[in-house]
Each structure stands twice: as C-alpha cells, then as structure tokens.
Amino acid sequence: MNEKKFNVLKKNFFYIESYGCQMNISDNEIVISILLNNGFFLTENLKIANIILLNSCSIRSKVELAIKNRLQKLKYLKKEKPILFGILGCLSNSMKKNFLDNNLINFTIGPDSYKKIPSIIRLSMKGEKISHIFSSKKETYNNIKPFRKKNKITAFLSITRGCDNMCTFCIVPFTRGREISRDPYSIIKECKTLYKKGFKEVTLLGQNVDSYVWFGSDELKKRIYKKIYTENKKIIDFSKLLDLLAIEIPFMRIRFSTSNPHDMSNKVIEVISKHSNICKHIHLPVQSGSDKILKLMNRKYTRKQYLSLIQKIKSIIPECSISHDIMTGFCNEDEKDHQETISLMNEVKYNYGYMFSYSPRPGTYSYNKLKDNVPEFIKKKRLQEIIDLQRNHSIFQMKKYIGKIQEVLIEGESKKNNQYWYGKNTQNIVIVFPKKTYKIGETVFIKIMDYTSATLMGIGIEKK
Ligand code: 5AD
Ligand code: SF4
C-alpha cells in the first residue's frame, strides 16, 4: 500500500484488539477515549476499519507469538484498501526496531505515549513511519475519562502504572517504566462517577497495588482526607486508599490486583476485613516454593515469609480466597525446587491460579545473566504437574460451597446457556444460575448445588 494515497479527510474508523493483562484492557479504554475525542470513530468491523490497532503484551513469548500470528492473518487487508497498522503497548517498546523494519506496521506507540496517538496516526496517514516510546515519571492519564461499554457492571481502574520491583524474569519494568501512583482524589472521583453510571464493582489495578503511595498536597488535604485521617502526614498508602474508597462509595464492590507478597501490609489485610464492600479475595503470586529460586528471581520474600503472610490473611479474614501465579522451569530450577513448589501448593491449597513455564525475555536480568538451562520438555512436564495439582485443589475448595448461600453480583448471561446468568461472589468465584426474573447488576442470593473446578452452579433463593 502507498500510504500517500490515504485520504486524510475521510472519516477514519479504528478497530482495536487487546492482548495480555487487565492493565491492557484498562489502557484500551483510555486509547479509545482519546481517539473518540479527536475525531476518530470506533468500529468492531474489520471491513469498515482503516486503522487497525493491536494493544500488545510482551510478558511471555507465547503472547508475543499470538500477536505476530494475528498480524499475519490481518495482512490481507492491506491488499484490499489503504489501511494503517499500529502496535500499541508493551511489545512496541521491546520490539520497536523489528516492527519499524516490517512493511506491515505503520507505527508503534508505547504505554506512556497514548495522548500522542491522534497526531501519530495523522502523520502516518501522510506516509511517515513512526515509533513513539518514552517513559514518563508523570503520565497517569488522570484527566482522561476511559471509554466504557454501556450496560457494563464491572470496571477496571488503574491506580499505579509501571513497576519498581525488578523481578529478574520480568519485562514489565522495561516496557512500562518505573512505578507511578495516581492521585487518590482522581481515583475516588472516577469511582463515584462509575457508581453514578450504574457500575457496581471496580477492580483497582496495578502491577503491585500494595506499593501504592501518594505524598499528597495541601489542596488534597483541604478536600476529604483531613476529616478521615486527622493524623494526616500527607501520605496515602494502599490501605488508606482502600479505606477511603470503601467509605466514600459504600455500595460499590471493590477488588484489586495484583498484590506482591513482599509489600502487602497488615494494615491492608485489616482494612479488607473491616469493610463488607471490599471483596475477600487476594491474588498473591508466589512464582516458586523454593527459596533458591525466589532469590534468583529477586522476589524479596522467602517461602517462610510467604506462608506466614497466608496464615495472617486466613486468621484475620478466614473466608478469604487466595489465587496465585506460579512459574515452572526458571533458570537452575531442579527437581528439589519443583517439589518445594508442589509442597507449598499443598500447604496453601489455593482456590485457583495462573501457571506458566519460564520464557526468557530479551533485556531482562535473567535473559542477560542467567542460563535458561531447564530443558523445554521438563518445563512442560512440571507445568502439567502443577496444573493438575491446582485442579485438585480448586475442586477441594469448590466442594466446600455445596449447600451454602452466596451473595452474587450478576454480570451477564452464561456463555454456555442463555437461560442462565453468571456472576461472582466476594471471593471472585464464578457462579451460574437460572435467570428467573433477576436482572444484570442485581445482587442476589444463590444456594450452591453443584461445582466444577472453575464454576459453581446454584439456584436463586429469597432474601431472608
Ligand atoms: N516467563 C514466564 N512467565 C512470566 N511471567 C512474567 N514474566 C514471565 C516470563 N518471563 C508470569 C509471572 C507473573 C505473571 C503476570 O506472568 O508469573 O506473575
Ligand atoms: Fe514484573 Fe515483578 Fe513487577 Fe510483577 S512485581 S510486574 S513480576 S517486576
């Protein structure tokens, strides 16, 4: 395609696909909002679109491959009409050179440059090939109202961007930059707006929500914080942020993800237990049960410390569900290390988890300095073992719900049966049940009758 033929004056329709984590889904809403406010039109139809955006992720090689395959599949569109392809998100940072050498891609834009998207697209339409990536210490998109689909009940809201933890395997600190916390006033304001618009649940997002910290300003002090924190030292940490949100928006369900075991404080656990509108679920990635491997990963906690944190959570919030991320086959992991992961899983019996085998990411410490010395077939074998074990643990946890009554927020129609709703309980477990006369957005009481490893099934009962 000759980009010069692009008709700059015609209506421009963009199509966007997002890959990877919840943070990317949340970023998608920011990108859509920026483009809609700058004269572009959103379409879900590839045939109509003349701008195709892939919001990418580079955390594991599998995701990266999926995006590249998708691009190959979409290639035919370039033969049919003048069309621009843009790569947004993490992959644009780590792969900018390869992409710019690639004839298919017109521009790449990193996660801190989204405000520049309209001007970059316009330059691209004139035939320029652009890669715009910078890492900002300030950019949090506070002043952008994310685009959210109508009739949705749950929303994501980013409270921090980037990460300072430098786990040796992780590309995030390089693609998303250093950690920045967002002004708590803008977070509370956005949550209130969401509630007014009919949202019933918000998930606060950050790579490491527990390290959220805001040093405040006089202006903030004058607003709501002083009356709640009379000891106000101008610092709002994650526990205070949660506390404020739970008080200010009492009928909104609040979730958060992800917690780093190293940073999770007692105060956070106590705040979760204190407020009924803060959900009783903690996603607490452990990565490995072996101290040797945790050290090589630079995870900054030991197996013992992790397990005592779990104990603390369970003693303060007995009903709290816990999920994990675990990685198999990290550098130097031997069978003994793997067995320590298995024994840790047996000790915790997580409700559910996300499991991966290690994939070295160019630019990370482990890629540069450690040997990826666990053969692929062993990585896969260990991964299958922990997946099977987690399945057993999930079943063990799900069984406990039989006969119990759960408070469920209805989110939508069950994918498998249009006569059923699906929703979640406070522990983030999916529950499906017959629709009766219930409506999306209602909170209903469901008696649990059956289960699989991932879903509970029940029937609605009257409130007592
Ligand atoms: N290889 C495999 N898994 C990874 N994760 C992060 N980086 C890698 C990598 N290089 C996993 C971790 C993290 C989750 C979001 O993705 O388990 O918690
Ligand atoms: Fe990556 Fe570690 Fe930060 Fe999570 S905490 S985003 S794994 S560096």
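- An unreviewed UniProt entry lists the chain under the name tRNA-2-methylthio-N(6)-dimethylallyladenosine synthase, from Blattabacterium punctulatus.
- According to the UniProt record, the Cofactor (unreviewed entry) comment for the chain is "[4Fe-4S] cluster".

**A short note on the pattern of salt bridges**
Then step 1. Within the structure shown, the criterion is met by 26 salt bridges.
Then step 2. Measuring nitrogen to oxygen at the nearest pair gives 3.4 Å for the salt bridge that ties Glu29 to Arg148. Placement of Glu29 in helix α1 (residues 22-36) and of Arg148 in the loop between β6 (130-132) and β7 (154-158) is noted, with a sequence separation of 119 residues between them.
Then step 3. Given the relative accessible area of 16%, Arg148 is considered buried.
Then step 4. A salt bridge links Glu201 to Arg255; the nearest nitrogen and oxygen atoms lie 2.9 Å apart. Of this pair, Glu201 sits in strand β10 (residues 201-205) while Arg255 sits in strand β13 (residues 253-257), and the two are 54 residues apart along the sequence.

**Focus: the pairing of strand β18 (residues 420-424)**
Then step 1. Here four bridges tie strand β17 (residues 405-413) to β18, and the two strands are oriented antiparallel to one another. Its bridge partner lying in β18, Glu413 is registered against Trp421.
Then step 2. Turn length for the β17-β18 hairpin, with the two strands adjacent in sequence and antiparallel, is six residues.
Then step 3. When β18 meets strand β19 (residues 430-434), the two strands line up antiparallel, connected through five bridges. Bridge assignment links Lys424 to a residue of β19, and that residue is Val430.
Then step 4. Hairpin connection from β18 to β19: five residues lie between these consecutive antiparallel strands, with Asn428 at a positive phi of about 70°.

**Description of the site of ligand 1**
Then step 1. Around ligand 1, the neighbouring residues are Ile59, Arg60, Phe169, Gln287, Asp325, Met327, Phe356, Ser357, Tyr358, Ser359 and Arg361.
Then step 2. Between ligand 1 and Phe169, the relevant distance is 3.1 Å, taken from a nitrogen atom to a main-chain nitrogen or oxygen of the residue.
Then step 3. Ser359 places a main-chain nitrogen or oxygen 2.8 Å from a nitrogen atom of ligand 1.
Then step 4. Within the complex, the protein chains bury 88% of what would otherwise be the 400 Å² of accessible surface of ligand 1.
Then step 5. For the shell around ligand 1, the elements supplying multiple residues, two or more each, are β15 (321-328) and β16 (352-357).
Then step 6. Taken together, the residues that form the shell around ligand 1 break down as five nonpolar, three polar and three charged.

About the criteria used
Residues numbered from 1 in each chain as written. Chains lettered and ligands numbered in written order. Predicted model: local features only at pLDDT ≥ 70, side-chain atom pairs only at ≥ 80, totals over all residues. Heavy atoms only, no water. UniProt positions renumbered as here; feature names shortened; annotations may be inferred. Salt bridge = Lys/Arg side-chain N within 4 Å of Asp/Glu carboxyl O. Helix = DSSP H or I, 4+ residues; strand = E, 2+ residues; numbered from the N terminus. Buried < 20%, exposed > 50% of the residue type's maximum accessible area, 1.4 Å probe, protein only. Pairing = 2+ DSSP bridges. Near = heavy atom within 4 Å. Polar contact = N/O pair within 3.5 Å; in protein donor to acceptor, adjacent residues only side chain to side chain. Areas by Shrake-Rupley, 256 points an atom, 1.4 Å probe, with all protein chains shown as cover. Nonpolar A, V, L, I, M, F, W, Y, C, P; charged D, E, K, R; others polar.

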